[in-house]
Amino acid sequence: TNINLEMNYWQADAGDLWETEEPLWNLIGDLRVTGAETARVEYGAKGWVLHHNTDLWRATAPVDGPWGIWPMGAVWLANQMWSHYAYSGDRTFLRQQAYPAMKEAAQFVLGFLVEAPPRTPFAGRLVTNPSTSPENQYVLNGKRVSLTYAATMDIELIRELFENCQRAARTLGEDSPFSSELDRVEKRLPPLQIGKRGQLQEWIQDYDEVEPQHRHVSHLWALYPGDGIDVNATPALAAAAQKTLELRGDGGTGWSEVWRTALWARLQN
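Attention in this report is confined to the structure presented alongside it.

What counts, and where the lines are drawn
Residues numbered from 1 in each chain as written. Predicted model: local features only at pLDDT ≥ 70, side-chain atom pairs only at ≥ 80, totals over all residues. Heavy atoms only, no water. Helix = DSSP H or I, 4+ residues; strand = E, 2+ residues; numbered from the N terminus. Buried < 20%, exposed > 50% of the residue type's maximum accessible area, 1.4 Å probe, protein only. Salt bridge = Lys/Arg side-chain N within 4 Å of Asp/Glu carboxyl O. Axes fitted to C-alpha atoms, helices over the stretch in contact; angles between N-to-C directions. Parallel < 35°, antiparallel > 145°, perpendicular 65-115°, else oblique. Left-handed = near helix turned anticlockwise from the far one by under 90°. Contact = heavy atoms within 4.5 Å. Nonpolar A, V, L, I, M, F, W, Y, C, P; charged D, E, K, R; others polar. Phe/Tyr/Trp six-rings, centres within 6.5 Å; stacked < 30°, edge-to-face > 60°.

1. A look at unusual backbone geometry
Consideration 1: Between Asn 129 and Pro 130 the backbone carries a cis peptide bond, its omega angle lying at 5 degrees.
Consideration 2: In this fold, Pro 130 is placed in the loop between strand E2 (126–127) and strand E3 (138–140).
Consideration 3: Going from Tyr 224 to Pro 225, the amide bond is cis rather than trans, its omega being 10 degrees.
Consideration 4: By secondary structure assignment, the location of Pro 225 is in the loop between helix H7 (176–186) and helix H8 (235–248).
Consideration 5: The phi torsion at Asp 64 lies on the positive side, around 65 degrees, for a residue other than glycine.
Consideration 6: Taking the relative accessible area as the measure of exposure, Asp 64 reaches 61% and is therefore exposed.

Okay, structure coming up:
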């Protein structure tokens, strides 16, 4: 659920295949239940959480190696529900399915964010911790490291979820105090950064990647399928995203080549 599940449905809205998404919406309905238990037990948080894998039993807890700790699956899926509403204009779907899942995903984030301590980059800002950039690693003191805090992808996903929740609440005419809280918290998130090579920075610090041509380009989520990076609205970040693609290369597995194609399209190339 750090791209595979979501990517299976990228064609559904633009391709007028909306009926194929019903199993996904039903899955999310189940995950809101199991994910709420994981959020409560693992984090003492409200809402629902999903880590990088799920299955027939709707598992939501961390699995596998350090990459399995990534807790942003619910945030990604909730944003995908808003995308379906944006295509369909289905207010019943928004009210009954999408907004409840979006709000609960945002509630988890509110309980999960912590303040970066003094003498750290962006001290006083609200950050995710623990965090990874699926499924890449960076080099620190000569060692391969996965875990960090406030990986770029986290911030992109959260910022877009908060903004989508506010749009949904306005559309439905409800939850004004909750929207105001999201707006206040969003202003305290760290900004996206441009690294020393002109690339969009993948982590909170400008680390070197273990695999410079890694198959994931998780930190470009805001370019596609997200909307936070745009060639017209945020030209500097779009240029940094292009530099990232140039550095990362066009290789990798088939699914990652498809993702790169979509990213280049968003760059109007």
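Still to come is the rest of the account.
2. Structural notes on the pattern of salt bridges
Consideration 1: One pass over the full model with this rule turns up 16 salt bridges.
Consideration 2: Of the charged contacts, one joins Lys 103 and Asp 175 as a salt bridge, the two residues approaching to 3.0 Å between their closest N and O atoms. Here Asp 175 lies in the loop between helix H6 (152–172) and H7 and Lys 103 lies in helix H5 (residues 91–112), a separation of 72 residues in the sequence.
Consideration 3: By relative accessible area, Lys 103 is classed as partly exposed at 22%.
Consideration 4: Under the relative-accessibility criterion, Asp 175 is labelled partly exposed at 22%.
Consideration 5: Of the charged contacts in the structure, one is a salt bridge between Glu 186 and Arg 159, with a shortest N-O distance of 3.7 Å.

3. Concerning the packing of helix H3 (residues 22–43) against helix H4 (residues 73–88)
Consideration 1: In the contact formed by H3 and H4, the axes pass within 11 Å of each other and the chain directions differ by 140 degrees. By the angle between their directions, the pair H3 and H4 is classed as oblique. As for the relative orientation of H3 and H4, their crossing is left-handed in sense. Of H4, the residues touching H3 (which contributes Leu 24, Trp 25, Ile 28 and Leu 31) are Leu 77, Gln 80, Met 81 and His 84.
Consideration 2: By residue class, the composition of the contact of H3 with H4 is 6 nonpolar, 2 polar and no charged.

4. As for the packing of aromatic side chains
Consideration 1: Taken as a whole, this structure holds 12 aromatic pairs when the rule is applied.
Consideration 2: An angle of 20 degrees between the planes, with centres 5.2 Å apart, marks the rings of Phe 108 and Phe 112 as stacked. A residue pair is termed a helical-turn pair when its members lie 3 or 4 positions apart in one helix, as Phe 108 and Phe 112 do in helix H5 at 4 residues. Like Phe 112, Phe 108 is buried.
Consideration 3: With a centroid separation of 6.5 Å and 65 degrees between ring planes, the pair formed by Trp 203 and Tyr 207 is classed as edge-to-face. Each member of the pair, Trp 203 together with Tyr 207, is buried.

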